[in-house]
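Analysis of the macromolecular model
Here's the letter readout for the chains.
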Amino acid sequence: MAANHSTIILSQNPEEAEERQQEKEDYGVLLYYKYFNTPIPDLQHLLDFYNSNCNSLSLLGRVRLSPTGVNVTVGGKMSALEKHIEAVKSNSLFEGTDFKLASCHQPLNDKVARECGFTSLSVRIVKELVTLSSNPLLKSPEISNAGRHLSAVEFHSVLQDAGKIQDKSNSSSDRRLILLDARNLYETRIGKFQNVNVKTLDPQIRQYSDLPSWIDDNSEQLRGNSILMYCTGGIRCEMASAYIKSKGVGFENVFQLYGGIQRYLEQFPDGGFFKGKNFVFDHRVSVGSLDSDVLGTCLLCGSSYDDYSSRCRCRYCRMLVLVCDGCQKKSPSYICELCKRSGKCVDSVSEMEDDNSEASEPAEIKLVSNSNQRKIPSSPALVNGSRTSKRLRILCLHGFRQNASGFKGRSGSLAKKLKALAELVFVNAPHELPFIYQPCLADHHNGISPSQDPCPPKVCSKKFAWLVGSDYQGKSDAGWTMADVPFDLLQYQQQTEGFDASLAYLRTVFSQAGPFDGILGFSQGAAMAALLCGQLGKLKGDVDFRFVILCSGFAINMEGFQQGSINLPSLHIFGNGKGRDRQINSQTSRHLASLFEDGCSEIIEHDLGHIIPTQSPHIERIKNFLQRFL
């Protein structure tokens, strides 16, 4: 039976007034999203509104703005949240918005509040409200083509009737109702809709951006059926249902629970067809119904358990896992069920950590010219196509006017300290640069003209680049030439050509010397690596890697990328404001870091200049990042 939440106050004596005022001072959480009918190109006005309004009302949480809409999760005093709602409603853009306001306790666990973003206010402009695809260059489906909204009562009624939804224009009797959960695996483990008469599909994905691939791989299960989708609050179903419908004939009948599980539990407080708890992305962690049944189980011992408050995570992919209090005391390291399926195990990790044997020197891929083809030896870590090394393999991309040998030498300390975790593989960039030197100004003061300036030694290693200027004409056999003008510290901003050649070259490197678990890029090498991250969706199968480390990085040719649009685990290392990096300033590297999604990026700032730091505590943080992928 649906619950009726409307209340009529007939009178209000002083005691009732005081009680109502106390309710307004209680803490609460507000969730809402809105897709605009027409995209808004200039979001500055909305950005200013949210910063001003939320700060004035002392609201904490996340606000994400995009040209297509907003997605908001904030917490604060109930009275402040109600004032915020009224202010938002005054803007015609938000007509029809479903504001989900719930009273709750204030954040008690600092760790949980910090992870959920409830210790500060974050207002950001993003490319998409939710990232459906990890490839930001792929066009998202039209949100106007999203599945039809069903209210909580309609959704419940459909399940009661065992899914007898029929398209009036097609009364085919062989169409079935399929219940599709659009959430991540750790969410579905503690609560989900259940009906014995309805086929339920749980994609068991780590993150929302994995859902399109699952839909592609399982499209035959969906084709020709009525698909009933649900998620936490509704926003993920908007984009996912539009993606399913974009597949055309056979995928027209897609429906979604309006307001998500949250609205359903408000309407059916006994739980209805929803069993267990609803995972939420704020300090509450989860919200249950009046039904106290526990659906989740401990990852290690299998006992009933559904509390994520301890924030236990898989040591490899960092996904949340359920570990009961007793097992947390026995073991500090956990591996999620998805990583176990792929062959990860605690024993192999322990053996690696205890291995004190000497690691081999970092490998350098030698490029040998042979009839205009560069030959790249196969990786020594491959035997009959299988990996034999327990360590990660990281491809290292040097900076502008550098080479693999020099970068390998300067990275010797890093390689030594990471020898138990990773093998560093160095490769020259494909664009060979001419020999250019800068006149010595001190000699000019002593009466030596630039034409008399002694040039560097004739024997010198070749220098290479991943990106070059528009005036690049290839290598020259003329030997050393003197620069016409002083070297410009900002010259990297003009080196925007040559990406296609470098990409084709790296495809060959991955094909003949791979696989590689990750890429480490320094300076221009970091810029090149970032461009690869932005095209991972297109490069799948040719250039595959699981993480990236960008040192003193900067963004080139990435104007089309929005904040948080690249979904790949990343570690950004650069000098802070006092870091004495005279070539790449901290704001430039910070901007590059902002293009990567918050939840999967980390930043290490140091004060050591244009280098990769290997001192404590920086090296420990680098090791901790790499441990996730072993």
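Source: prediction; values computed, not measured.

Helix and strand content of the protein: 21 helices and 28 strands. In the protein, which comprises 630 residues, the proportion classed as buried is 49%. For the protein, the share of sequence-separated contacts (at least 6 apart) that also reach a separation of at least 24 residues comes to 75%.

Let us look at the pattern of salt bridges. For the coordinates displayed, the defined rule picks out 18 salt bridges. Through salt bridges with shared partners, a single network forms among Arg189, Lys192, Asp202, Glu337 and Arg341.

Judged by how many residues are buried, strand S25 (residues 518–522) sits mostly within the fold: five of five residues are covered. Neither face of S25 is open: one carries Gly518, Leu520 and Phe522, the other Ile519 and Gly521, and all of them are buried. Two elements, strand S19 (residues 392–397) and S25, share four bridges in a ladder whose sense is parallel. Looking across to S25, one finds that Leu395 is bridged to Ile519. Where S25 lies against strand S26 (residues 547–551), five bridges are found, and the strand directions are parallel. The residue bridging Gly521 from the neighbouring strand is Leu550, located in S26.

Our next topic: the sheet that holds strand S13 (residues 286–288). Reading across from one edge, S8-S12-S13 is the order of the three strands in this open sheet, with antiparallel pairing throughout. Where the open sheet ends on each side, the last strands, each with one partner, are strand S8 (191–193) and S13. Here the strands of the sheet are splayed against their neighbours by 40 degrees on average, with no regard to which way each runs. Running over the sheet, helix H10 (residues 260–267) touches S8, strand S12 (274–279) and S13 and is turned about 130 degrees from S12.

The subject of this paragraph is the packing of helix H17 (residues 499–513) against helix H18 (residues 524–534). Running from N to C, H17 and H18 cross one another at 75 degrees; their axes reach a closest spacing of 11 Å. One finds that H17 runs roughly perpendicular with respect to H18. Between H17, through Phe499, Ser502, Leu503 and Leu506, and H18, the contact on the second element is made entirely by Met528, Leu531 and Leu532. Tallied by class, residues from the contact of H17 with H18 come to six nonpolar, one polar and no charged.

Moving on, we get to unusual backbone geometry. Cis rather than trans, the peptide bond between Gly514 and Pro515 has omega equal to 5 degrees. Tracing the sequence through the fold places Pro515 in the loop between H17 and S25. In this chain, Ser616 is followed by Pro617 through a cis amide linkage whose omega measures 5 degrees. The residue Pro617 is located in the loop between strand S28 (601–606) and helix H21 (618–627) in this model. Notably, Ser58 is not glycine yet its phi reads approximately 60 degrees, a positive angle.

In this section: helix H5 (residues 152–160). Three or more residues of H5 are buried, namely Ala152, Phe155, His156, Val158 and Leu159. Viewed end-on, H5 has its buried residues packed into an arc of 160 degrees, placing them on one side of the element.

Per-residue confidence for the protein gives a mean pLDDT of 79; residues scoring 70 or more make up 75%. Considering only residues more than four positions removed or in separate chains, one finds that residues 165–173, a stretch of pLDDT under 50, has ten contacts. Across residues 441–453 the pLDDT falls below 50, and counting only partners more than four positions away or on other chains, this stretch makes 14 contacts in the model.

Residues of helix H20 (residues 586–594) that are buried: Ser586, Thr588, Ser589, Leu592 and Ala593. Angular distribution of buried residues about the axis of H20 spans 165 degrees; they occupy a single face of the element. Buried-residue contacts for H20 involve H18, S26, strand S27 (570–575) and S28.

Here the focus is the sheet that holds strand S10 (residues 226–230). Taking strand neighbours across the sheet as the criterion, the five strands line up as S6-S11-S10-S7-S9 in an open arrangement whose pairing is parallel. On the outer flanks of this sheet lie strand S6 (148–150) and strand S9 (199–201), each paired with one strand and no other. On average, each strand axis in the sheet is tilted by 30 degrees relative to the strand beside it, whichever way the strands run. The pairing of S10 with strand S11 (residues 254–257) spans three bridges and is classified as parallel. The residue bridging Ile227 from the neighbouring strand is Val254, located in S11.

Our focus in this paragraph is the nonpolar core. Across soluble globular proteins, nonpolar side chains show a tendency to be buried alongside one another. Core analysis: the largest hydrophobic core is formed by 50 residues, its most contacted members being Leu520, Ile549, Ile622 and Leu626. Here the element with the most residues in this core is H21; it accounts for four residues. Apart from residues lying up to four places away in sequence, Ile622 is in contact with Leu414, Leu418, Leu571, Ile573, Ile604 and Pro613. Grouped together as the second largest cluster of nonpolar side chains are 41 residues, Trp466, Phe499, Ile519 and Ile584 included.

Moving on, we get to the side chain of Ser241. Within the secondary structure, Ser241 sits in helix H9 (residues 235–245). Residue classification places Ser241 among the buried positions, given a relative accessible area of 0%. Within the structure, Ser241 has its side chain in polar contact with the backbone nitrogen of Gly147 (distance 2.8 Å). Once residues lying within four places of it in the same chain are set aside, the contact partners of Ser241 are Ala146, Gly147, Met229, Val254 and Gln256.

Let's shift gears to the packing of aromatic side chains. Throughout the structure, instances matching the rule amount to 22 aromatic pairs. Their ring planes at 75 degrees and their centres at 4.7 Å tell us that Phe193 and Tyr230 sit as a pair that is edge-to-face. Highlighted residues: Phe193 in strand S8 and Tyr230 in strand S10, separated in sequence by 37 residues. A relative accessible area of 0% means that Tyr230 is categorised as buried. Judged by centre distance (4.8 Å) and plane angle (80 degrees), the rings of Phe193 and Tyr264 are edge-to-face.

With that settled, consider the environment of Leu395. Turning to its location among the elements, Leu395 is positioned in strand S19. Note on Leu395: relative accessible area 0%, which makes it buried. For the pair Leu395 and Phe510, spaced 115 residues apart in sequence, the C-alpha to C-alpha distance is 9.2 Å. Setting aside chain neighbours within four positions, we find Leu395 in contact with Val425, Val427, Leu506, Val509, Phe510, Phe516, Gly518, Ile519 and Leu520.

Take the side chain of Asp306 next. Relative to the elements of secondary structure, Asp306 occurs in the loop between S13 and helix H11 (325–330). At 3.5 Å, the side chain of Asp306 and the side chain of Lys277 are in polar contact. In this structure Asp306 touches Ile190, Lys277, Val294, Gly296 and Leu322, once residues within four positions along its chain are discounted.

What counts, and where the lines are drawn
- Residues numbered from 1 in each chain as written.
- Predicted model: local features only at pLDDT ≥ 70, side-chain atom pairs only at ≥ 80, totals over all residues.
- Heavy atoms only, no water.
- Helix = DSSP H or I, 4+ residues; strand = E, 2+ residues; numbered from the N terminus.
- Buried < 20%, exposed > 50% of the residue type's maximum accessible area, 1.4 Å probe, protein only.
- Contact = heavy atoms within 4.5 Å.
- Salt bridge = Lys/Arg side-chain N within 4 Å of Asp/Glu carboxyl O.
- Pairing = 2+ DSSP bridges.
- Axes fitted to C-alpha atoms, helices over the stretch in contact; angles between N-to-C directions.
- Parallel < 35°, antiparallel > 145°, perpendicular 65-115°, else oblique.
- Nonpolar A, V, L, I, M, F, W, Y, C, P; charged D, E, K, R; others polar.
- Arc of directions from axis to C-beta.
- pLDDT = per-residue confidence, 0-100.
- Core = buried A, V, L, I, M, F, W, Y, C linked by side-chain atoms within 4.5 Å.
- Polar contact = N/O pair within 3.5 Å; in protein donor to acceptor, adjacent residues only side chain to side chain.
- Phe/Tyr/Trp six-rings, centres within 6.5 Å; stacked < 30°, edge-to-face > 60°.

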